[in-house]
Amino acid sequence: MVRPESAIQLEASWRERVGEYLQRPEMRELADFLRKRKAEGARIYPPGKQMFAALDAVPFDAVKVVVLGQDPYHGAGQAHGLSFSVPPGVPVPPSLLNIFKEIERDLGLKAPRHGCLQHWADQGVLLLNAVLSVEEGQPGSHAGRGWEGFTDAVIAARSREREGLVFMLWGSYAQKKGAIIDRQRHCVLQAPHPSPLSAHRGFLGCEHFGKANRWLQGAGKAPIDWSLPAL
């Protein structure tokens, strides 16, 4: 669950930028809502200690690419705090399968046998959902409860304080949040969501992974290895 700001073990560089946001009334209301829903028996994903896992995995200065999702997977055992990723041993969800298909089409990298994207995070890919919690079987159930303002603060801090990042915005929800990104200073890549319902409308064929690497190399940064090592 969301805890008072002083109790959250947020990675130090992110705490410096967005820690004060957690003291706002809307975040305290969010914490109360999460506690109430848990007391009522709701199953909330990911576990409380993993809600900030995307920020914990990539310190502020290490971020090179931001992949923005909507909210966590809503099936048991799927969400672990990194957008589009699932823990080792969990079947790869359909949206992530389409991401792997596009990587193979774009870069020639064969799809891995697992869906844990920690290897991307280790290289500076911030796998951030706009909403950091969800209830079992109810996608979007925690939208509008306060998370969006917090993740806006995360995106704004990255956009404002650094240059030359790549933002991947897939689907209309992510693209609306992209309005706060300074497009004169950063590369913004937009496409339909990789969900099976929309991937054929332009996600498949978007070539975002190769474009991201070319941008990074042009900015003097190491490209991302979009393959995933065996676990």
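Residues numbered from 1 in each chain as written. Predicted model: local features only at pLDDT ≥ 70, side-chain atom pairs only at ≥ 80, totals over all residues. Heavy atoms only, no water.

1. Overview of the side chain of Lys177
Structurally, the position occupied by Lys177 is in helix H7 (residues 172–177). Within the local environment of Lys177, its side chain forms a polar contact with the side chain of Thr151, the two groups lying 3.1 Å apart. (Helix = DSSP H or I, 4+ residues; strand = E, 2+ residues; numbered from the N terminus. Polar contact = N/O pair within 3.5 Å; in protein donor to acceptor, adjacent residues only side chain to side chain.)

2. Here we look at the nonpolar core
By size, the foremost hydrophobic cluster in this structure holds 68 residues, and its most contacted members are Trp120, Leu126, Trp147, Phe150, Met168 and Trp226. Leaving out residues up to four positions away in the same chain, Trp120 has contacts with Ile99, Phe100, Ile103, Val125, Leu127, Asp225, Trp226, Ser227 and Leu228. (Core = buried A, V, L, I, M, F, W, Y, C linked by side-chain atoms within 4.5 Å. Buried < 20%, exposed > 50% of the residue type's maximum accessible area, 1.4 Å probe, protein only. Contact = heavy atoms within 4.5 Å.)

3. Some thoughts on empty space enclosed by the protein
Across all of its chains, the model carries 1 cavity of 30 Å³ or more by this definition. Reported here for the largest cavity is a volume of approximately 40 Å³. Phe100, Ile103, Leu109, Lys110, Ala111, Pro112, Trp226, Ser227 and Leu228 are the residues that line the largest cavity. Looking at the lining of the largest cavity, its residues break down into 7 nonpolar, 1 polar and 1 charged. (1 Å grid on protein atoms, 1.4 Å probe; cavity = no way out; pocket = protein on both sides within 12 Å on 5 of 7 lines; lining within 4 Å. Points joined across faces, edges and corners; volume = space filled by probe spheres on them. Nonpolar A, V, L, I, M, F, W, Y, C, P; charged D, E, K, R; others polar.)

4. Side note on the packing of helix H4 (residues 94–107) against helix H8 (residues 208–218)
Two elements in contact, H4 and H8, have axes separated by 8 Å at closest approach and are oriented at 60°. By the criterion of interaxial angle, the relationship of H4 to H8 is oblique. Counting all contacts with H4, which are made through Ile99, Glu102, Ile103, Asp106 and Leu107, the residues of H8 involved are His208, Phe209 and Gly210. Residue composition of the contact of H4 with H8, by class: 4 nonpolar, 2 polar and 2 charged. (Axes fitted to C-alpha atoms, helices over the stretch in contact; angles between N-to-C directions. Parallel < 35°, antiparallel > 145°, perpendicular 65-115°, else oblique.)

5. Describing the environment of Leu204
In this fold, Leu204 is placed in the loop between strand E6 (187–191) and H8. Put simply, Leu204 and Ala42 are 162 residues apart on the chain and 36 Å apart in space, counted from C-alpha to C-alpha.

6. Some points on H8
All of the buried residues in H8 are His208, Phe209, Gly210, Ala212, Asn213 and Leu216. Packed against the buried residues of H8 are strand E2 (65–69), H4, strand E5 (166–170) and E6. Positive backbone phi, at 80°, marks Gly220, one or two positions downstream of H8.

7. A look at the packing of aromatic side chains
Tallied over the full model, the rule gives 10 aromatic pairs. Note on Tyr21 and Phe150: the rings are 6.2 Å apart at their centroids and 55° apart in plane angle, and the pair reads as tilted. Here Tyr21 is found in the loop between helix H1 (12–18) and helix H2 (25–39), whereas its partner Phe150 is found in helix H6 (residues 147–161), with 129 residues between them in sequence. When sorted by exposure, Tyr21 lands in the same class as Phe150, which is buried. The interplanar angle of 70° and the centroid separation of 5.8 Å between the aromatic rings of Phe52 and Trp147 together place this pair among those described as edge-to-face. Within this pair, whereas Phe52 is found in the loop between strand E1 (44–45) and helix H3 (53–57), its partner Trp147 is found in helix H6, the two being separated by 95 residues in sequence. In this structure Phe52 comes out as buried when scored by relative accessible area, which is 5%. The lysine or arginine in question, Arg17, covers the ring of Phe60, its NZ or CZ lying 3.9 Å from the ring centre. Of note, Arg158 hangs over the ring of Phe60, and the distance from its end group to the ring centre comes to 4.3 Å. (Phe/Tyr/Trp six-rings, centres within 6.5 Å; stacked < 30°, edge-to-face > 60°. Lys NZ or Arg CZ within 6 Å of the ring centre and 35° of its normal.)

All we've got here are geometric facts, nothing functional implied.
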